[in-house]
Amino acid sequence: MFPRSTHETFAQKLYQTFKNHKRFSKPKLSRSDFTICHYAGDVTYQTELFLDKNKDYVIAEHQALLSASKCSFVSGLFPLSSEESSKQSKFSSIGSRFKQQLQALLETLSSTEPHYIRCVKPNNLLKPAIFENSNVLQQLRCGGVMEAIRISCAGYPTRKPFIEFVDRFGILAPEVLDGSSDEVAACKRLLEKVGLQGYQIGKTKVFLRAGQMAELDTRRTEVLGRSASIIQRKIRSYMARKSFILLRFSAIRIQSICRGQLAREVYENMREKLLL
């Protein structure tokens, strides 16, 4: 920071640098404030004490004293970094420490795949099973969830690799998969066959607009339902036919036994008459 700078000169520098930026504006009733137009709303910042915060030095003796505390919580708040111990200067500002921590955080995020969990406060009474709709909606708007959903729906929120897409929705048009080893061509023919519009074919994935995956899943469920009905019909027919054949065989067997018994009785009667 420049030694002769003030919060007013800092504000004037911002006005000159970002005067044409669509996200930056200057309040009419203030000479040193500035407004940032976030997607969740306009936020006005005050430049007072901006420069003082950057001059807020951390004294090395104080930091060494606190880091040597026997309380693990206190010592953990003031760790000694290797960069600060190697510097000749005895002072380090809060801004420089924050910059180092932010850089370390960005390096960690770049080397991993972070997943974010957004917590929403359901009510101000701190009681379970109570949801205040207006309060929850305000939190979702301020947190950028609604805007993220809008942006996602405006683009292609559903992205599926070709092999997964063909494996899942190939039953909608089995004829397009006969003798085809090209997954990209199979995806194109499949989408044309089902009459879907507005999709995009990428290098490794197929991009679908909002609602198109649900439509394909609905058609897939209908096909699976019809297939299940056909399988059930065939099984019931097989079981009925098997039962009929068994009953017919049993009836024929009983009839043959009855006819044999009757024939034997007739024979015995005729034999007794002849002997008399």
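Refer to the structure printed above.
**Student:** Describe the overall build of the protein chain, and please don't skip the residues or the numbers.
**Tutor:** Secondary structure assignment for the protein chain yields 11 helices and 8 strands. A principal-axis box enclosing the C-alpha atoms of the protein chain has dimensions of 150 × 55 × 45 Å. For the protein chain, the proportion of contacts with a sequence separation of at least 24, taken over those separated by at least 6, is 41%. In the structure as shown, the protein chain presents an accessible area of about 22000 Å², 59% of it carried by carbon and sulfur atoms.

**Student:** Give a detailed account of a positive patch on the surface, specifying residues and quantitative values.
**Tutor:** Where like charges cluster on the molecular surface, the positive patch consists of Arg233, Lys234, Arg236 and Arg241. Counting through the fold element by element, arginine 241 comes out in helix H11 (residues 212-275). Arginine 241 gets classed as partly exposed once you look at its relative accessible area, which sits at 49%.

**Student:** Would you mind going over the packing of aromatic side chains in detail, with residue names and values included?
**Tutor:** For the structure shown, the criterion picks out 6 aromatic pairs. Between tyrosine 156 and phenylalanine 207 the ring centres are 6.3 Å apart and the planes differ by 75°, which places this aromatic pair in the edge-to-face class. Of this pair, tyrosine 156 sits in the loop between helix H8 (145-154) and strand E6 (158-161) while phenylalanine 207 is found in strand E8 (residues 205-208), placing the two residues 51 residues apart along the sequence. Using a relative accessible area of 22% as the deciding quantity, one classes tyrosine 156 as partly exposed. Assessed through its relative accessible area of 23%, phenylalanine 207 is described here as partly exposed. Members of the aromatic cluster, connected to one another through ring pairs, are Tyr15, Phe18, Phe24, Phe34 and Tyr45.

**Student:** How would you summarise the environment of phenylalanine 10 if you had to cite specific residues and measurements?
**Tutor:** Structurally, phenylalanine 10 is set in helix H1 (residues 7-17). Exposure remark for phenylalanine 10: the relative accessible area of 25% places this residue in the partly exposed category. For phenylalanine 10 and alanine 263, which are 253 residues apart along the polypeptide, the C-alpha to C-alpha distance reads 123 Å.

**Student:** Quick rundown of the pairing of strand E3 (residues 41-45)? Include the residues and the values.
**Tutor:** Pairing of strand E2 (residues 34-38) with E3, which is carried by 5 bridges, proceeds in the antiparallel orientation. Bridging across to E3, cysteine 37 finds its partner in aspartate 42. Here E2 folds back onto E3, and the loop between the two strands holds 2 residues.

**Student:** Describe the sheet that holds strand E7 (residues 200-201), with residues and values.
**Tutor:** On the basis of which strands lie adjacent, the open sheet formed by 3 strands has the order E6-E8-E7 and antiparallel pairing. The open sheet has two edge strands with one neighbour each: E6 and E7. Running at roughly 95° to E6, helix H9 (residues 162-169) makes contact with E6, E7 and E8 of the sheet.

**Student:** Go over the nonpolar core with me, naming the residues and quoting the values.
**Tutor:** Judged by nonpolar contacts, the single largest core of 19 residues is most densely connected at Phe165, Leu190, Leu208 and Leu216. Only H9, helix H10 (183-194), E8 and H11 provide two or more residues apiece to this core. Among the elements that take part in this core, H10 stands out by supplying 5 residues, more than any other. Those residues in contact with leucine 190 that sit more than four places away from it in its chain are Phe165, Phe169, Gly170, Leu172, Ala173 and Val176. By size, the runner-up hydrophobic cluster in this structure holds 5 residues, among which are Ala11, Leu14, Tyr15 and Phe24.

**Student:** I'd like a description of unusual backbone geometry, backed by residues and values.
**Tutor:** Phi at leucine 126 takes a positive value of approximately 60°, unusual for a residue other than glycine. In this structure, alanine 129 is a non-glycine residue whose phi angle is positive, near 60°. Note that alanine 129 resides in the loop between helix H6 (94-110) and helix H7 (133-142).

**Student:** Give a detailed account of the packing of H9 against H10, specifying residues and quantitative values.
**Tutor:** One can describe the packing of H9 onto H10 by two numbers: an axis separation of 9 Å at closest approach and a directional angle of 45°. Here H10 runs oblique to H9, going by the angle between their axes. Seen from above, H9 lies across H10 with left-handed handedness. Residues Phe162, Ile163, Phe165, Val166 and Phe169 of H9 pack against Glu183, Val184, Ala186, Cys187, Leu190 and Leu191 of H10. Its residues assigned to classes, the contact of H9 with H10 comprises 10 nonpolar, no polar and 1 charged.

**Student:** Break down a nonpolar patch on the surface for me, citing the residues and quoting the values.
**Tutor:** There is a patch of nonpolar side chains on the surface, built from Phe98, Leu102, Leu105, Leu106, Leu109 and Tyr116 and spanning about 630 Å² of accessible area. Looking at where leucine 105 falls in the secondary structure, it is placed in helix H6.

**Student:** Could you give an account of the environment of glycine 202, with specific residues and numbers?
**Tutor:** With respect to the helices and strands, the residue glycine 202 is situated in the loop between E7 and E8. Look at glycine 202 and you get partly exposed, because its relative accessible area is 23%. Glycine 202 sits 68 residues away from serine 134 along the chain, and the two C-alpha atoms are 40 Å apart. In this structure, glycine 202 is in contact with Phe162 and Phe207, ignoring residues within four places of it in sequence.

Cut-offs and rules
Just so you know, the residues in each chain are numbered from 1, in the order the chain's sequence is written. Residues qualify for local features only when their pLDDT is at least 70, as the model is predicted, and side-chain atom pairs are given and counted only at 80 or more; totals for whole chains, interfaces and linings, by contrast, use all residues. Hydrogens and waters are ignored; side-chain quantities use all the structure's heavy atoms. Going along the chain from the N terminus, every DSSP run of H or I of four or more residues is numbered as a helix, and every run of E of two or more is numbered as a strand. The criterion used for residue contact is that any of the two residues' heavy atoms lie within 4.5 Å. In short, Shrake-Rupley with a 1.4 Å probe defines the accessible areas, and a residue's cover is counted only from the protein chains shown. Exposure above 30% relative accessible area and no salt bridge define the residues that can form patches, which grow by joining like charges within 9 Å and nonpolar side chains of Val, Leu, Ile, Met, Phe, Trp and Tyr within 5 Å. When a carboxyl oxygen of Asp or Glu is within 4 Å of a side-chain nitrogen of Lys or Arg, the pair counts as a salt bridge. We count Lys and Arg on the positive side and Asp and Glu on the negative side, and we leave His and both chain ends out. Positions of charges follow a simple convention, taking NZ of Lys, CZ of Arg, CG of Asp or CD of Glu. Each residue is assigned to one of three classes by its accessible area relative to the maximum for its type, calculated with a 1.4 Å probe on protein chains only: buried under 20%, partly exposed between the two thresholds, exposed over 50%. Paired rings are identified among Phe, Tyr and Trp, the last through its six-membered ring, by centres lying within 6.5 Å, and are further divided according to the angle between planes into stacked (under 30 degrees), edge-to-face (over 60) and tilted (the rest). Strands are treated as partners if at least two bridges between them are detected by DSSP. Lines fitted to C-alpha atoms define the axes, with helix axes restricted to the stretch in contact, and inter-axis angles between N-to-C directions lie between 0 and 180 degrees. Among buried residues, the Ala, Val, Leu, Ile, Met, Phe, Trp, Tyr and Cys ones that are joined through side-chain atoms within 4.5 Å form a nonpolar core. Under this scheme an angle from 65 to 115 degrees is roughly perpendicular, one under 35 degrees roughly parallel, and one over 145 degrees roughly antiparallel; angles in between are oblique. Handedness of a helix crossing follows the sense of rotation of the near helix relative to the far helix, less than a right angle counterclockwise being left-handed and clockwise being right-handed. Just so you know the grouping, Ala, Val, Leu, Ile, Met, Phe, Trp, Tyr, Cys and Pro go in nonpolar, Asp, Glu, Lys and Arg go in charged, and all remaining residues, Gly too, go in polar.

Everything listed is a geometric property; what it means functionally is a separate question.
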